[in-house]
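Given next are the chains, with one letter for each unit.
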Amino acid sequence: IDNKIAKVASDVILLEELIKNNDVFSYVDGDLEYTSNEAQLNLTNDIYDWINVNTDYDQIRILDITGMEMIRVNYNEGNPTIVDPTQLQDKSSRYYFINSIDVDDEYIYLSKLDLNVENGAIEYVGNSPKAMLRIASTIYNDDGEQIGLLIVNYLAYHLFHDEETKVGDFTAFEVINQD
């Protein structure tokens, strides 16, 4: 499990470097903006390609510092989609945004294991709720100013059901907490 989480953290760092090195965002008068329509399209397509190949991820998102999604790509059970800008959501009240937005640049945020919520409802795959682990990294510009947040939703199913993490003949896991 540690190796899987370390790989995801490594992927988050690589994605963050992709964002920084391609000069995609500028921070103007307190607002995060794209440097160009072409830069926005290229980054969105890069994230789409990433999630299409890395099937352990359910979503990859970039949020501004207010919690508003700038880009979101969903895995959709093997049929990745780029979320239309009109459908992007404000995540400012979600615990993972609140807890990760203040993490220093040299650290990665790892959420608790929980169930994914979309538009106020628990999301299901078939009859099972979709368990999620979120890994986030703050994005800074060249001046050291925090401009946003990269969040990767990792499908927690892979922590317990892939061949390298399977324990004996167990076929079902449940993770519970006080809630």
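Above this text you will find the structure in question.
Residues numbered from 1 in each chain as written. Predicted model: local features only at pLDDT ≥ 70, side-chain atom pairs only at ≥ 80, totals over all residues. Heavy atoms only, no water.

Describing a negative patch on the surface
Stage number 1. On the surface, Asp23, Asp142, Asp143 and Glu145 cluster together into a patch of negative charge.
Stage number 2. The topology assignment puts aspartate 143 in the loop between strand E12 (131–140) and strand E13 (146–155).
Stage number 3. Aspartate 143 sits in the exposed class, given a relative accessible area of 71%. (Patch = residues over 30% accessible without salt bridge, like charges linked within 9 Å, V, L, I, M, F, W, Y side chains within 5 Å. Areas by Shrake-Rupley, 256 points an atom, 1.4 Å probe, with all protein chains shown as cover. Salt bridge = Lys/Arg side-chain N within 4 Å of Asp/Glu carboxyl O. Lys, Arg positive; Asp, Glu negative; His and termini not counted. Charge placed at Lys NZ, Arg CZ, Asp CG, Glu CD. Helix = DSSP H or I, 4+ residues; strand = E, 2+ residues; numbered from the N terminus. Buried < 20%, exposed > 50% of the residue type's maximum accessible area, 1.4 Å probe, protein only.)

Let's talk about the side chain of aspartate 114
Stage number 1. In this structure, aspartate 114 sits in strand E7 (residues 114–115).
Stage number 2. Since its relative accessible area comes to 15%, aspartate 114 is described here as buried.
Stage number 3. Looking at aspartate 114, its side chain comes within polar contact range of the side chain of arginine 134, at 2.7 Å.
Stage number 4. Not counting the four nearest positions on each side in its chain, aspartate 114 is found in contact with Arg94, Tyr95, Lys130, Ala131, Met132 and Arg134. (Polar contact = N/O pair within 3.5 Å; in protein donor to acceptor, adjacent residues only side chain to side chain. Contact = heavy atoms within 4.5 Å.)

Examining the pattern of salt bridges
Side-chain pairing between opposite charges can occur once the charged atoms of the two side chains come close.
Stage number 1. If you walk through the whole model with that rule in mind, you get eight salt bridges.
Stage number 2. In this structure, aspartate 105 and lysine 20 form a salt bridge, with 3.6 Å as the shortest nitrogen-oxygen distance. Separated by 85 residues along the polypeptide, aspartate 105 in the loop between helix H3 (95–100) and strand E6 (109–110) and lysine 20 in helix H1 (residues 2–21) bring together distant segments of the chain.
Stage number 3. A salt bridge links lysine 130 to aspartate 58, with the shortest nitrogen-to-oxygen separation between them at 2.9 Å. With lysine 130 in the loop between strand E11 (128–129) and E12 and aspartate 58 in strand E3 (residues 57–64), the pair connects residues that are 72 residues apart, well separated along the chain. There is no split in this pair, since lysine 130 and aspartate 58 are both buried.
Stage number 4. Overlapping salt bridges bring together Glu16, Lys20 and Asp105 as one network.

Limitation: the analysis is restricted to geometry and does not speak to function.
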